[in-house]
Amino acid sequence: MAKQKIRIKLKGFDHRVVDQSARQILEAVESTGAVAVGPVPLPTRIQKFSVIRSPFIDKDSQEQFEIRTHKRLIDIIETTSKTIDALTKLNLPSGVEIDIKL
C-alpha cells in the first residue's frame with residue numbers, strides 16, 4: 001500500500017468526551033502498528049449569545065449564554081490496511097463529530 005496520510009478532526013461540546021474518543025482512536029491505531037501524531041488541541045470556538053430576560057419592563061436586563069466547541073486533530077502518517085479496518089470498527093461515544101480525510 002502506498003504511503004497514505006489520514007487526518008482525523010474531532011469536534012464536540014464536552015472536552016472530556018472529545019479527549020476520550022481521541023484516546024480510543026490512538027489506541028486502535030497504535031495497536032495496528034501505524035504511527036500517529038496527536039491529538040493536537042486546536043483553538044476552542046466560543047459562541048456567545050445575549051438574550052433579553054423580559055420583553056416589557058426589564059429590557060435592560062440580559063442573560064448571557066455561550067457554546068464552546070472543542071477541537072482535536074490526529075494525523076496518522078504510516079498507515080496499513082489493518083489501520084483502516086480498525087478505524088471503521090471503532091465504537092465512539094455520541095456527541096463527537098468525526099471528520100476523516102485520506
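For the structure itself, consult the block above.
The paragraphs below set out a description of the structure included in this document. (Residues numbered from 1 in each chain as written. Predicted model: local features only at pLDDT ≥ 70, side-chain atom pairs only at ≥ 80, totals over all residues. Heavy atoms only, no water.)

Comments concerning a nonpolar patch on the surface
(1) Moving on: Nonpolar side chains collect at one region of the surface, where Phe-13, Phe-49, Val-51, Phe-65 and Ile-67 lie side by side and expose about 470 Å² of accessible area between them.
(2) Moving on: Counting residues per element, the ones that place at least two in the nonpolar patch are strand S2 (35–52) and strand S3 (62–78).
(3) Moving on: Assignment of secondary structure puts Val-51 in strand S2.
(4) Moving on: Note on Val-51: relative accessible area 40%, which makes it partly exposed. (Patch = residues over 30% accessible without salt bridge, like charges linked within 9 Å, V, L, I, M, F, W, Y side chains within 5 Å. Areas by Shrake-Rupley, 256 points an atom, 1.4 Å probe, with all protein chains shown as cover. Salt bridge = Lys/Arg side-chain N within 4 Å of Asp/Glu carboxyl O. Helix = DSSP H or I, 4+ residues; strand = E, 2+ residues; numbered from the N terminus. Buried < 20%, exposed > 50% of the residue type's maximum accessible area, 1.4 Å probe, protein only.)

A short note on the nonpolar core
(1) Moving on: Counting 14 residues, the largest nonpolar core has Ile-8, Leu-10, Ile-25, Val-29, Ile-74, Ile-76 and Leu-87 as its most contacted members.
(2) Moving on: Of all the secondary structure elements, the ones that give two or more residues to this core are strand S1 (6–12), helix H1 (15–31) and S3.
(3) Moving on: Here this core gets six residues from one element, more than from any other, and that element is H1.
(4) Moving on: In contact with Ile-74, other than residues within four places in its own chain, are Ile-6, Arg-7, Ile-8, Leu-10, Ala-22, Ile-25, Leu-26, Val-37 and Pro-39. (Core = buried A, V, L, I, M, F, W, Y, C linked by side-chain atoms within 4.5 Å. Contact = heavy atoms within 4.5 Å.)

Observations concerning the pattern of salt bridges
(1) Moving on: Under the counting rule described, the total for this entry stands at three salt bridges.
(2) Moving on: Taking the shortest distance from any N to any O, the salt bridge between Asp-19 and Arg-72 comes out at 2.8 Å. Taken together, the positions of Asp-19 in helix H1 and Arg-72 in strand S3 put the pair 53 residues apart, joining distant regions of the chain.
(3) Moving on: A relative accessible area of 28% means that Asp-19 is categorised as partly exposed.
(4) Moving on: Note that Arg-68 and Glu-66 form a salt bridge whose closest N and O atoms lie 2.8 Å from each other.
(5) Moving on: In this structure Glu-66 comes out as partly exposed when scored by relative accessible area, which is 41%.

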